[in-house]
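Okay, here's what each chain looks like letter by letter:
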Amino acid sequence: MGSAGSADRYLPDTVQRAVKILVVGDFGVGKTTMIGAVSEIEPLRTEETMTQASVGVDDLAGLDGKTTTTVAMDFGRITLSPYTVLYLFGTPGQRRFWDLWAGLGEGAVGALVLVDTRRIEGSFEVLDQLELRGDLPFAVAVNHFPDSTRHSPQALREALDLEPGTPIVHCDARSRSSSVDALIALVKHALAMQKGPS
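Everything numeric in this text was worked out from a predicted model, so none of it was measured.

### What to know about the confidence of the model for the chain
- Predicted confidence across the chain gives a mean pLDDT of 80, with 74% of residues reaching 70 or more.
- Within the chain, the element-level pLDDT minimum falls on strand E2 (residues 44–49), averaging 62, and the maximum on strand E6 (residues 138–143), averaging 96.
- Contacts for the low-pLDDT stretch residues 1–7, under 50 throughout, to residues beyond four places or in other chains number eight contacts.
- Low pLDDT (under 50) marks residues 54–58, which in the prediction has five contacts with non-local residues, meaning those over four places away or in another chain.

Spelled out as structure tokens, the structure:
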């Protein structure tokens, strides 16, 4: 059973806007966890058990206990208001699955980039990949793990080489409210970019 009861399987008749969001990030940053925490329906997961074939291919440093990985996508839904619903598509983190991003990204209004500061170097390639895919608005959500070092937004902006207007939010992917706040920051940013300068 998902995070909500059967009454939440169906959208309210009042919903007027469906918004597609990508949740991207390096391997093991918490994308599946976040979608599971916020989805009001049972999330669709395409996780597989990691095997010996991934040894030497997937960097498991700092990921003690990780035994599964997303191989296609995660999918969830959250109703933000009586009028707006978000459809969340979580992408695989490993480079060998990045060809899937093009299809998953079609029609998306923005991407939430999850970052783990313990393994921040993995975020550089993810951000480069987003830039290659055009002008998709994105926000960065720093997922705090118990042993994460806290950095100021300015230090993170410099380390990730982000444009001044790119939102940076802090979250705990296990927390529904924290994750929803990160998604709302992305939606606000994407809508502001659609409207253009005022």
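### Notes on a negative patch on the surface
- Together, Asp128, Glu131, Asp161 and Glu163 give the surface a local cluster of negative charge.
- Along the chain, the position of glutamate 163 falls in the loop between helix H4 (153–160) and strand E7 (168–171).

### Here we look at the pattern of salt bridges
- Counting across every chain of the model gives five salt bridges.
- Between aspartate 116 and arginine 118 there is a salt bridge; the shortest N-O distance is 2.8 Å.
- On the basis of relative accessibility, which here comes to 28%, the residue arginine 118 falls in the partly exposed class.
- Where arginine 174 meets aspartate 172, a salt bridge forms, and the shortest distance between an N and an O atom there is 2.8 Å.
- Accessibility expressed as a relative area gives 21% for aspartate 172, which makes it partly exposed.
- One continuous salt-bridge network, built from bridges that share partners, spans Asp116, Arg118 and Asp147.

### A look at the nonpolar core
- Core analysis: the largest hydrophobic core is formed by 23 residues, its most contacted members being Ile21, Leu86, Leu88 and Leu112.
- Every element with two or more residues in this core is listed here: strand E1 (17–25), helix H1 (31–38), strand E4 (84–90), strand E5 (110–115), E6, E7 and helix H5 (176–195).
- At six residues, H5 tops the list of elements feeding residues into this core.
- Leucine 88 has contacts with Ile21, Ile35, Val38, Asp74, Phe75, Gly76, Ile78 and Leu183, leaving out every residue within four places of it along the chain.
- In terms of nonpolar packing, the next biggest core, distinct from the first, is built from 22 residues, Leu104, Ala108, Phe138 and Ile168 among them.

### A short note on the pairing of E6
- Here E6 lies mainly inside the structure; six of its six residues are buried.
- Here E6 shows two buried faces, one formed by Phe138, Val140 and Val142 and the other by Ala139, Ala141 and Asn143.
- Where E5 lies against E6, five bridges are found, and the strand directions are parallel. Along E6, the bridge assignment pairs valine 113 with valine 140.
- Pairing analysis gives four bridges linking E6 to E7, with the strands arranged parallel. Pairing of valine 140 across the sheet is with isoleucine 168, part of E7.
- Handedness of the crossover is the feature at issue here: the chain leaves E6, passes through H4, returns alongside E7, and the resulting connection is right-handed.

What counts, and at which threshold
Residues numbered from 1 in each chain as written. Predicted model: local features only at pLDDT ≥ 70, side-chain atom pairs only at ≥ 80, totals over all residues. Heavy atoms only, no water. pLDDT = per-residue confidence, 0-100. Helix = DSSP H or I, 4+ residues; strand = E, 2+ residues; numbered from the N terminus. Contact = heavy atoms within 4.5 Å. Patch = residues over 30% accessible without salt bridge, like charges linked within 9 Å, V, L, I, M, F, W, Y side chains within 5 Å. Areas by Shrake-Rupley, 256 points an atom, 1.4 Å probe, with all protein chains shown as cover. Salt bridge = Lys/Arg side-chain N within 4 Å of Asp/Glu carboxyl O. Lys, Arg positive; Asp, Glu negative; His and termini not counted. Charge placed at Lys NZ, Arg CZ, Asp CG, Glu CD. Buried < 20%, exposed > 50% of the residue type's maximum accessible area, 1.4 Å probe, protein only. Core = buried A, V, L, I, M, F, W, Y, C linked by side-chain atoms within 4.5 Å. Pairing = 2+ DSSP bridges. Right-handed = clockwise from strand over helix to strand, strands pointing away.

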